[in-house]
Amino acid sequence: MKKKLITFICFSVILYLGFLLIDSYHPNVDYPLKIGNNLSTEIYENNFVTQLSNPVNQYDMDIPEGFELISENSHLQLYLEEETMGIIIVNKDNGYVWYSYDVSRDYDQEIADDPNKVDSINLIKSGIILQLYSDFRDNVFKSLLEENLLGNKTVTITYEFSQTGFTAHIDYTDIDIKFDVKVNIENEDLVIEVPYESIDEYDPKLGEPGNKDVLINNILVYPFLGATKKEENGYVVIPDGSGAIVSLQETPSYQKVYNAPVYGEDLGYIREPDISMTSLTVKPFSRITLPIYGMIHDVGNAGFMVISESGDYYATYNYKPKVETDYYQSYYAYNYREEYHQFQSRSNEDQNIIIIQKKLNQYDLKQRYVFLSQENADYVGVAKTYRKYLEEKQHLNTITNHSNYETKIDIIGNEIEMGILWEKNVPTTTYQEAIDMIKTIKDDGYQNLDVSYKTFDKDHHAYRFNIFRHLGGKDDFKKMHDYLENNGVDFHYYVDYVKSYEAHKYSATRMNRKALSDANLSYMYPYFYVNNAKYLPQFVQEDYPLYDDNGISSLTLNGLDQILYTHKDKERNNHYCNENIEYVKEALQYLKDKGISINSYNPDAYLYPYINKYYDAPISSSGLLFIDATIPLLELVVSGHMPMYSPYLNFISSEENTLLRLVEYGVNPSYILTKKNTYELKYTNSSHIYISQYEALDERMKIYDSFIKKALSRISGVEMVDHYFYQEGVSVSVYANGLKVVVNYTDSDVIYNGNTIEAKGYDVL
Amino acid sequence: MKKLLTLIIMVFVCVFTFSLDVQATNTNAPYYTYTADSNGNLIKTTEAYTPSKQINKINDQSFELLQHIYVDDEDYIYITDSKAITYVEQIDPETGEPMINPNTGNVVEKRYVGKIIVLDKNYQFVGEIYHDDFSNFITSTFVTKDKIYVVDLTNESIFIFNKEEFIENQKIQLEQTITKPTHPIFQDQYNDEGERVVNGYDYRPEHIVVDSMGNIYVQGKKSKNGLIMLDDDGSFMTFFGGNPLRIPIIDRVRRFFLTEEQEDKLQRETDQKIIHDIPSNIAIDDKGYIYTVTSSIPTNPIKKFNTSGRNFFKKDMIGLSNMTSIWIGEYNNVFAINNQGLILEYDTNGNLLFLFGGMDATNSRAGLLNLPVSIAATSDDNLLVADQANKLIQVYTPTEFTNIIHEAFEAYYNDGDYEESREKWEYILQYNSLFDYAHIGLGNSYMRDNEYHDAYQEYYYANDYMGLSDAYWGIRQDWMRNNLNTVILIIVLLLITRVIYYFLNKKYQYSKSIGERINGIRRKNQLFDEMLYIFRFLKHPFDGFYEIKRENRVSMMTSTFIYLLLGIVIILNYRFTNVVFVPKVGINITYELFILGFILILWVVSNYLVCSINDGEGSIKNVYNATAYSLTPILIIMPFIIVMSHVLTLQEYVFYQFGYLLMSIWTVFLFFFMIKDIHNYSVRKTIGVILKSMFTMLILGLFLFVVFALGNQMIEVVKNIIGELINR
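All of these numbers come straight from a predicted model, not from anything done at the bench.

**With respect to the overall build of chain A**
A count of helices and strands for chain A gives 12 helices and 43 strands. Across its three principal directions, the C-alpha atoms of chain A cover 110 × 75 × 45 Å. Scored against the burial criterion, the 765 residues of chain A give a buried share of 61%. Residue pairs at least 24 apart in sequence account for 68% of intrachain contacts in chain A once pairs closer than 6 positions are excluded. For chain A, the accessible area works out to roughly 29800 Å², and carbon and sulfur atoms hold 47% of it. Of the charged side chains in chain A, 68 are positive and 111 negative, and the gap between their average positions amounts to 9 Å.

Written out as structure tokens, the structure is:
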């Protein structure tokens with residue numbers, strides 16, 4: 001018996017020692033960079049050149065018959081054509097006249113020649129276009145000029161005039177819909193409003209079985225205002241990504257339309273997340289984060305910009321280059337109602353019907369046109385006008401305009417993967433390792449660091465704040481916190497109150513009453529779920545004591561780009577984007593009041609009042625074929641108020657162009673790092689990250705740093721006051737401190753004002 | 001085949017000044033790029049190719065219907081457009097002047113449909129090939145050193161032009177026309193009444209390759225037997241590289257039961273159901289390997305054949321459905337494209353290197369495609385893709401990252417320069433730490449330098465088990481060399497301890513006192529006692545069965561504990577066995593344990609049920625307990641195997657296997673006699689009962705499955721009804 005016991009004990013000991021041996025064996029391999037000590041590059045082509053000296057013009061343009069002066073102030077005149085609700089705005093600064101449709105054509109003659117064109121001409125002339133949901137009408141676009149078979153107008157418009165403009169009561173008598181449109185001039189601006197209260201779908205049988213319901217889908221206000229066939233020296237300013245411009249040539253180089261929802265897609269309406277091969281490989285378009293666009297007819301002379309003041313969260317930006325009509329068009333369509341797929345079977349997802357949302361989206365539509373003249377009439381003017389608008393509304397934090405070159409580092413502390421039995425934590429950078437890593441980074445010469453620490457919290461199935469024992473526990477956390485604070489590192493904790501990776505009681509539901517989710521496509525979780533916005537203030541309040549206890553005074557918030565959605569609650573009531581915005585603001589205001597500063601990734605414009613640092617600043621547009629140049633529209637608005645940081649440079653392939661872009665736009669570099677090998681992330685929720693270990697990245701970071709330091713140390717954080725394209729592939733950014741950064745993307749040296757700018761290089765003048 | 005020398009047509013010298021509509025874009029590609037790890041999972045990576053140029057017009061003429069794109073050894077680009085129209089001024093052969101129509105006074109022009117447009121490597125226009133004999137459906141080209149082959153689908157012909165004359169002098173000189181082979185298999189057969197009795201084999205050439213001997217491999221549009229191999233005269237030689245037939249499984253089962261006569265009867269019916277996987281494109285590399293791609297096979301669409309028709313690519317290579325075109329690159333890497341706009345690159349062994357691209361119906365971003373039909377690459381790895389729907393050629397340029405990967409493969413496989421390749425692998429890892437091929441490459445070069453620890457780490461990252469095993473062998477070798485003395489010393493010390501213990505024990509009777517103490521615990525603690533009983537049971541199994549059955553020697557609690565321990569041992573096996581023997585990726589242990597537990601319960605129940613109607617003597621408790629004890633060899637041996645796995649490499653796999661074999665035989669032996677003794681059966685009856693029990697398990701399992709499935713629906717129905725009631 002004892003023999004057996006001894007055998008058993010010996011055996012156990014051997015087993016134990018064996019396990020120890022196996023587990024301790026993890027040599028680390030460091031890769032020295034022996035070759036390729038230079039930056040990879042690619043062809044860069046940008047055909048757009050700014051014409052630097054435009055003569056200042058005065059215009060003498062006609063006001064056609066039928067238009068009557070309604071209102072006038074020291075800057076503008078407003079004319080109205082009552083039949084079409086067409087308007088004309090005269091910019092008194094230089095006499096430039098803006099028509100709400102092309103008045104030079106003889107429409108009566110055209111209709112006489114070809115009666116079939118009447119519908120399309122009506123749409124062009126009509127001040128308001130109503131896009132409808134209707135199952136018996138083919139033409140879902142409805143103009144104000146429509147007639148029934150007897151030749152009677154089906155729309156009645158009654159006007160009320162005031163000092164500053166007019167209010168039109170529009171009644172579509174054949175489809176039983178009415179609403180008011182207010183058009184007023186305020187100083188240099190034209191303001192158009194559609195109050196929610198005035199919208200009335202008054203068909204008494206609406207919703208009854210058998211009734212052929214006609215419902216509002218979109219309202220388009222003056223979609224042809226500023227539309228043009230060709231402008232010698234003009235362009236459209238599109239808010240895609242960092243911003244882009246399209247020239248108004250006689251023949252567009254590509255007849256491609258572009259439309260994108262402001263602040264991104266509304267996840268509440270989607271049927272189910274798209275996880276097809278296409279969604280895996282095709283990058284989504286850049287989000288539109290600024291609710292503006294610009295139309296410049298004559299650079300340096302005439303243009304206007306549009307701000308969607310209210311209803312921006314339901315607006316879709318549209319650009320049309322002579323598609324369907326002969327005009328370049330740029331406008332917002334305001335969405336009031338959408339259709340969605342309602343599943344009828346739990347097991348068979350193919351069994352579903354399309355349902356049209358019953359209640360209208362509840363918001364007041366308000367769109368502001370600012371007319372630009374002289375030096376303001378270009379994309380810089382568009383950006384600066386919007387900047388001024390935000391500043392006046394105190395929507396931009398005022399910070400001192402000093403250069404602040406920082407390297408941003410996101411550290412992944414804890415991740416999650418599927419263990420043998422259940423989910424397990426994967427510590428990728430413990431608190432102590434974070435200290436060591438930051439120490440090394442500082443020793444490597446990075447003086448100013450901005451560090452966010454990110455942990456996946458199993459309890460919440462989300463990236464939230466917690467102190468983890470396996471990362472070192474409370475003491476180590478305090479050590480890390482103190483080390484970072486004492487060494488001048490700007491430290492934030494990364495939290496995401498919006499996304500969680502498992503559906504739970506806080507998850508919102510889509511309009512089709514499934515959990516509101518989208519494709520995440522990490523190795524660990526195929527989907528993420530979006531929390532109901534009404535819980536955000538609660539989450540924040542619950543977490544605040546934790547932050548307070550642990551000395552967290554700054555947060556990096558992510559996920560806010562997903563928060564604008566329309567959804568249904570358990571009682572089947574609709575909730576709208578504007579409600580969500582209020583919840584977000586409440587939560588952020590709470591944090592702000594408690595003295596916690598907030599930073600965010602690619603935040604939408606409505607968040608600016610709460611944000612201190614702008615991460616993941618777009619440094620390019622979506623790469624659309626038809627654009628003539630990518631412009632720093634966003635940077636012109638934001639720079640000097642919030643320091644901006646690039647997308648992670650870990651993943652760039654065209655290094656020279658990207659770094660030159662950082663210099664051109666004045667954007668700080670940014671990385672995502674772990675102390676442990678990137679393989680640790682491979683099966684986690686961060687499986688899309690394929691390089692993160694500092695030891696593997698340090699050489700590249702060093703090269704990047706030395707490349708951009710010369711410019712960014714002097715201009716980063718300073719307001720960019722001007723920007724232009726000096727010649728093909730050469731751009732000039734001018735900063736408030738008087739410095740000029742000339743960036744040469746071409747393969748040959750360029751002379752700028754007597755200074756030689758090296759090929760694929762830049763200079764600060 | 002008779003050689004035809006047709007009229008030399010003067011090439012109409014391009015009267016337009018040359019113009020090429022090329023658009024270039026910049027910065028980010030509109031798609032993500034993926035690579036595959038060694039387990040075949042897709043992982044994101046740095047961009048491999050970025051869209052650079054778009055060619056959509058040549059000499060102000062848009063493309064009409066792009067069919068094919070080809071790049072020859074000198075980087076001349078051949079674009080096949082089957083619907084392009086060319087008007088050519090007719091030259092009077094006598095005067096050399098343009099012919100004038102006497103009625104209209106206009107120059108007489110001839111209209112050609114379909115042409116090959118040739119560009120040089122800088123995308124500059126060289127010339128166009130069109131011909132009287134072209135039908136309206138030329139599909140592709142193939143170019144050798146001195147010949148340009150043009151394939152015509154409708155005419156079922158291959159036209160061979162003189163390359164030098166064309167490139168140097170822009171002369172279109174038709175040297176030879178190869179028509180449909182005269183071999184009887186391609187001919188329709190008629191009976192005496194003139195009715196067609198046998199259809200000739202479908203020829204329909206779409207793409208061809210020509211090997212160094214001048215043999216032509218024709219990919220026919222409907223060729224069910226694979227490629228059609230012709231000699232240089234166009235005579236039929238053989239079929240080559242066909243895909244195996246896919247017969248629906250039900251027909252295969254049916255065939256098994258049918259007589260020959262019935263089978264013949266069914267043959268016609270079955271023929272229609274058979275899925276013929278007809279290759280959709282073909283390529284050849286400089287070593288003469290023939291590659292085919294088949295759009296209807298998603299799992300291993302690309303095949304690499306040697307001349308005897310053996311496929312060198314593995315069966316489980318990563319592929320997509322609807323892959324329509326392939327191209328062999330400079331390093332014998334394989335490019336392919338599917339009609340969703342996805343572009344794939346494989347290394348020379350068929351491992352996926354990159355997958356990128358995608359479809360964009362609006363075509364508003366350069367680099368996304370709409371209906372790509374053909375892919376080709378220049379010698380500097382620029383990819384050219386012909387997009388039929390968008391009517392353009394999209395050019396993709398490799399990034400620095402990709403160039404280095406190509407160079408690394410070149411250095412490693414072709415030149416055997418491990419030092420150089422190591423530097424390149426290290427560079428690659430600075431841009432993608434998860435690039436398994438780089439880790440394997442690095443591991444291999446560490447192995448050559450006998451740096452086993454580093455190599456082990458690299459292989460470990462890449463999940464390369466063969467490499468791991470080799471590196472482990474090296475580590476073990478080193479360890480042995482360094483520590484042999486220590487090991488021997490420890491063994492000697494252990495022996496001495498044993499001897500000392502022996503003598504001390506004799507004097508002080510340790511073992512007796514320990515034994516008494518243990519017996520004391522055994523008396524107090526039933527579980528402990530019954531656990532130690534395992535050893536007695538294993539030594540004397542027949543006594544053990546007797547005691548379990550007659551004396552109730554063990555309790556059900558202990559058996560349950562044993563089952564739990566078995567579960568733990570299985571988990572330990574996954575967690576701690578050397579990764580060389582048990583891969584650590586993609587196992588769902590919970591699921592596995594659940595299944596094992598389920599089988600165990602099924603066994604106990606069905607064995608009891610079967611035996612109780614077969615005069616078995618054992619109760620269900622007996623079966624439960626005895627089964628547990630019969631499985632104990634696993635408990636004893638498995639930990640040893642786990643520990644042993646850390647001393648072994650794949651080369652000594654047989655030892656590892658031996659452990660398993662021993663364990664299995666022991667367990668099966670105990671199991672068999674457990675049933676025999678517990679139920680008191682003869683050997684023959686025991687076998688019968690085991691088979692019956694297994695059958696019962698199967699039936700029970702099926703039954704439970706059905707109940708479970710129905711039950712789920714039942715619950716759903718009840719839930720729905722309740723939901724309706726509450727809501728109404």
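**Looking at the domain arrangement of chain A**
Where interface size is given, it is often the accessible area lost as the parts come together that is meant. One can read the domain layout of chain A as domain 1 (60-225) and domain 2 (720-765). Here the C-alpha centre of domain 2 of chain A lies 46 Å away from the C-alpha centre of domain 1 of chain A.

**Remarks on the sheet that holds strand β8 (residues 109-119) of chain B**
Residues and elements named next belong to chain B. Overall, antiparallel pairing links the 4 strands, which are arranged β6-β7-β8-β9 in an open sheet. Lying at the two open borders of the sheet, with one neighbouring strand each, are β6 (66-71) and β9 (125-129). Neighbour-to-neighbour, the strand axes of the sheet open up by a mean angle of 45°, direction not taken into account. Sheet topology places β8 next to β9; 4 bridges connect them, and they run antiparallel. Within β9, the position partnered with L119 by the bridge is F125.

**Some points on the packing of helix α6 (residues 431-443) of chain A against helix α7 (residues 473-486) of chain A**
Residues and elements named next belong to chain A. Their axes nearest at 8 Å, the elements α6 and α7 cross at an angle of 20°. Between α6 and α7, the angle falls in the class roughly parallel. For the pair α6 and α7, the crossing hand works out as left-handed. On α7, the residues touching Y431, Q432, A434, I435, I438 and K439 of α6 are G473, D476, F477, K479, M480, Y483 and L484. Tallied by class, residues from the contact of α6 with α7 come to 8 nonpolar, 2 polar and 3 charged.

**Describing the environment of A:K322**
All names here are of chain A. Turning to its location among the elements, K322 is positioned in the loop between β18 (315-321) and β19 (328-335). With relative accessibility at 16%, the residue K322 sits in the buried group. Through-space distance from the C-alpha of K322 to that of T251 is 8.3 Å; in sequence the pair is 71 residues apart. Not counting residues within four places of it along the chain, the set of residues in contact with K322 comprises K229, Q249, E250, P252, Q255, Y327 and Y328. Separated by 2.8 Å, the side chain of K322 and the backbone oxygen of K229 make a polar contact.

**Describing unusual backbone geometry**
If a residue is not glycine, its phi is most likely negative; likewise, a peptide bond is most likely trans. Residue and element names in this part refer to chain A. For Q394, which is not glycine, the phi dihedral falls at a positive 55°. Structurally, Q394 is set in the loop between α5 (379-392) and β23 (407-418). Positive phi outside glycine occurs at N602, with the angle close to 45°. Residue placement: N602 occurs in the loop between β34 (597-601) and β35 (611-615). According to the relative accessible area criterion, N602 is buried, its value standing at 14%.

**What about the domain arrangement of chain B?**
Taken as a whole, chain B is organised into domain 1 (20-36 + 46-58 + 278-397), domain 2 (399-508) and domain 3 (524-710). Taking the mean C-alpha position of each, domain 1 of chain B and domain 3 of chain B sit 53 Å from one another.

**Remarks on the pairing of strand β43 (residues 761-764) of chain A**
Note on strand geometry: in a regular strand, side chains alternate between the two faces of the sheet. Residue and element names in this part refer to chain A. Where burial is concerned, the two faces of β43 agree: the one with G761 and D763 and the one with Y762 and V764 are both buried. The pairing of strand β40 (residues 740-744) with β43 spans 4 bridges and is antiparallel. Across the sheet, residue V741 finds its bridge partner in β43, namely V764.

**With respect to the sheet that holds strand β2 (residues 76-81) of chain A**
Residues and elements named next belong to chain A. If you trace the 4 strands from one edge of the open sheet to the other, you get β1-β2-β3-β4, paired in antiparallel fashion. For this open sheet the edge positions go to β1 (68-72) and β4 (96-99), each flanked by a neighbour on one side alone. Shown here is a sheet whose adjacent strand axes are inclined to one another by a mean of 25°, direction ignored. Where β1 lies against β2, 4 bridges are found, and the strand directions are antiparallel. Bridge pairing links E68 to L80 in β2.

Rules behind the numbers
Residues numbered from 1 in each chain as written. Chains lettered and ligands numbered in written order. Predicted model: local features only at pLDDT ≥ 70, side-chain atom pairs only at ≥ 80, totals over all residues. Heavy atoms only, no water. Helix = DSSP H or I, 4+ residues; strand = E, 2+ residues; numbered from the N terminus. Buried < 20%, exposed > 50% of the residue type's maximum accessible area, 1.4 Å probe, protein only. Contact = heavy atoms within 4.5 Å. Areas by Shrake-Rupley, 256 points an atom, 1.4 Å probe, with all protein chains shown as cover. Lys, Arg positive; Asp, Glu negative; His and termini not counted. Charge placed at Lys NZ, Arg CZ, Asp CG, Glu CD. Domains from an automatic or database assignment. Pairing = 2+ DSSP bridges. Axes fitted to C-alpha atoms, helices over the stretch in contact; angles between N-to-C directions. Parallel < 35°, antiparallel > 145°, perpendicular 65-115°, else oblique. Left-handed = near helix turned anticlockwise from the far one by under 90°. Nonpolar A, V, L, I, M, F, W, Y, C, P; charged D, E, K, R; others polar. Polar contact = N/O pair within 3.5 Å; in protein donor to acceptor, adjacent residues only side chain to side chain.

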